[in-house]
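# Topology and contacts: notes
So you can see what is in the structure, the chains are spelled out below.
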Amino acid sequence: MARTNPLQFIQQVRAEVAKVVWPTRREVLLTTVMVLIMAALTAVFFALVDLGIRSGLQGILSMFG
């Protein structure tokens, strides 16, 4: 693999960074809010599943003990 000198490397890095499409402030805000909402919904879902499993196990164990 051919080596490039540091100046060429820096120029290539700057050229690649210039190609990046950075998100707008609004896009970042919207995606952040969406992630927080999905995390909250996931937490509620797993809390309900946990509650259901715990209630079912307590019901089964109370029949035998």
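Residues numbered from 1 in each chain as written. Predicted model: local features only at pLDDT ≥ 70, side-chain atom pairs only at ≥ 80, totals over all residues. Heavy atoms only, no water.

## Things to note about the pattern of salt bridges
What counts here: Every case where a carboxyl oxygen of Asp or Glu lies within 4 Å of a side-chain nitrogen of Lys or Arg is listed as a salt bridge. The secondary structure listing takes helices from DSSP runs of H or I that are at least 4 residues long and strands from runs of E that are at least 2 residues long, numbered from the N terminus. Working definition: with a 1.4 Å probe on protein chains only, accessible area under 20% of the residue-type maximum means buried, over 50% means exposed, and in between means partly exposed.
Under the counting rule described, the total for this entry stands at two salt bridges. A salt bridge links Glu16 to Lys19, with the shortest nitrogen-to-oxygen separation between them at 3.2 Å. Pair noted here: Glu16 and Lys19 are both in helix α1 (residues 6-19), with a separation of three residues, about one helical turn. Residue classification places Glu16 among the partly exposed residues on the basis of a relative accessible area of 47%. A salt bridge links Arg54 to Asp50; its shortest N-O distance comes to 2.8 Å. With Arg54 and Asp50 both in helix α2 (residues 25-64) and four residues apart, the pair spans about one turn of that helix.

## Thoughts on the packing of aromatic side chains
Here is the rule: We call Phe, Tyr and Trp rings a pair once their centres come within 6.5 Å, taking the six-membered ring for Trp, and we label the pair stacked below 30 degrees between planes, edge-to-face above 60, and tilted otherwise.
Applying the stated criterion to the full structure yields one aromatic pair. Their ring planes at 70 degrees and their centres at 5.2 Å tell us that Phe45 and Phe46 sit as a pair that is edge-to-face.

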